[in-house]
Amino acid sequence: MFTAVALPYLLDTNRRRFTIVRVKKIPRSLLALGPTAPPKTIRAADKEFHFVRLLKHDFFAATAVYQGDAGRVIAKFGRTEPILGLPAQWIGRLLAWHEATIYAALADLEAVPAFVGRCGPTGIVHEFIEGAPLTPGQSVPDAFFDRLREAVDALHARGMAYVDLEKRQNVIAGDDGRPYLIDFQISWYLPRRYGGETLPARWLRRRFQEGDRYHLLKLQRRIRRDQLTAEQIRQSYRKPFHVKLHRWLTWPMLKTRRTMLQRLDPTHKRGERGSAV
């Protein structure tokens, strides 16, 4: 199935020309909910919310804004679509449980949106933060990265690692001038009762925390370089070995995914590239 998309652009004569680009339908296997859209109405913590708009829909989850009497919230629905014919809802259930557990453990941190509750077997709902994801060159208050570093340090002190700070879209610059962390889907948190204090688990946790500090420094270099010393700037270019190894191992998969999406949607009209729209 192909869809024709008209893309106008101006010539020197100020006349419009149109290029017809064929955009393929994204295979349902690449979307967490397949062809199904997020529900129009949800309930969480005995409150009702109504669909406003979709933020993103990728392989692992669909994320949308909802509105209710209690205000706006973000709802994330984990994967339910089968993979190669095999049931995959267990992935969505596991990630939703994992993320809900982390939100509950960080409920007292100002930099973490308030957790509202679970929504269905694979859904979670949290507070909507007025603001926008960080972008290169964005202006942020002087205390922004100090507060973000305090939040990451507090997270580490509780035996966790954020893991996904490489994606600047996961840091929201609130309209109040404060930083907020979202999307704990792949964050590291393994309580003691599940073996979190064994030697291998502690070693992994330290490596992930080291990666957090590196990515935080790199993020600050890109947005508030003026706040860093010459030594900190040098450190921000020293990628830890395990970060290099992770990149080397996952790059073929990422490259394949990007190539596939580029062929399916060469004009990026859908907007979804694994980051919030």
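Placed above this text is the structure.
Let me begin by describing the structure that accompanies this report. (Residues numbered from 1 in each chain as written. Predicted model: local features only at pLDDT ≥ 70, side-chain atom pairs only at ≥ 80, totals over all residues. Heavy atoms only, no water.)

Ranked by internal contacts, the top residues of the largest apolar core, which has 30 residues, are Leu 106, Leu 134, Phe 145, Val 171, Leu 181 and Phe 184. Counting only elements with at least two residues in this core, the list comes to helix H1 (89-105), helix H2 (144-157), strand E11 (171-174), strand E12 (179-181) and helix H3 (199-223). When residues of this core are assigned to their parent elements, the largest contribution, six residues, is made by H2. The residues contacting Phe 145, other than those within four sequence positions of it, are Val 140, Leu 216, Leu 219, Gln 220, Ile 223, Arg 224 and Gln 227. In terms of nonpolar packing, the next biggest core, distinct from the first, is built from 12 residues, Phe 49, Ala 64, Tyr 66 and Val 73 among them. (Core = buried A, V, L, I, M, F, W, Y, C linked by side-chain atoms within 4.5 Å. Buried < 20%, exposed > 50% of the residue type's maximum accessible area, 1.4 Å probe, protein only. Helix = DSSP H or I, 4+ residues; strand = E, 2+ residues; numbered from the N terminus. Contact = heavy atoms within 4.5 Å.)

This part takes up the pattern of salt bridges. Summed over the entire model, instances satisfying the criterion amount to 14 salt bridges. Put simply, Glu 81 and Arg 28 hold a salt bridge, and the shortest N to O gap is 2.7 Å. On the criterion of sequence distance, the pair formed by Glu 81 in the loop between strand E6 (71-78) and H1 and Arg 28 in the loop between strand E2 (16-24) and strand E3 (41-44) is long-range, its members being 53 residues apart. A residue is classified by how much of its surface remains accessible, and Glu 81, at 10% relative accessible area, is buried. Put simply, Glu 110 and Arg 178 hold a salt bridge, and the shortest N to O gap is 3.0 Å. You can see Glu 110 sitting in the loop between H1 and strand E7 (115-119) and its partner Arg 178 sitting in the loop between E11 and E12, a full 68 residues away along the chain. According to the relative accessible area criterion, Glu 110 is exposed, its value standing at 60%. (Salt bridge = Lys/Arg side-chain N within 4 Å of Asp/Glu carboxyl O.)

The tally for this structure, following the rule as stated, stands at nine aromatic pairs. Measuring from centroid to centroid gives 6.2 Å for Tyr 66 and Phe 77, while their planes differ by 65°, and the two rings are edge-to-face. You can see Tyr 66 sitting in strand E5 (residues 61-68) and its partner Phe 77 sitting in strand E6, a full 11 residues away along the chain. Both residues of the pair, Tyr 66 and Phe 77, count as buried. Each ring, one from Trp 188 and one from Phe 208, has its centre 5.6 Å from the other, and the planes form 40°; the classification is tilted. Of the two residues, Trp 188 is situated in strand E13 (residues 188-189) and Phe 208 in helix H3; the sequence distance between them amounts to 20 residues. (Phe/Tyr/Trp six-rings, centres within 6.5 Å; stacked < 30°, edge-to-face > 60°.)

These values are about where atoms sit, not about what they do.
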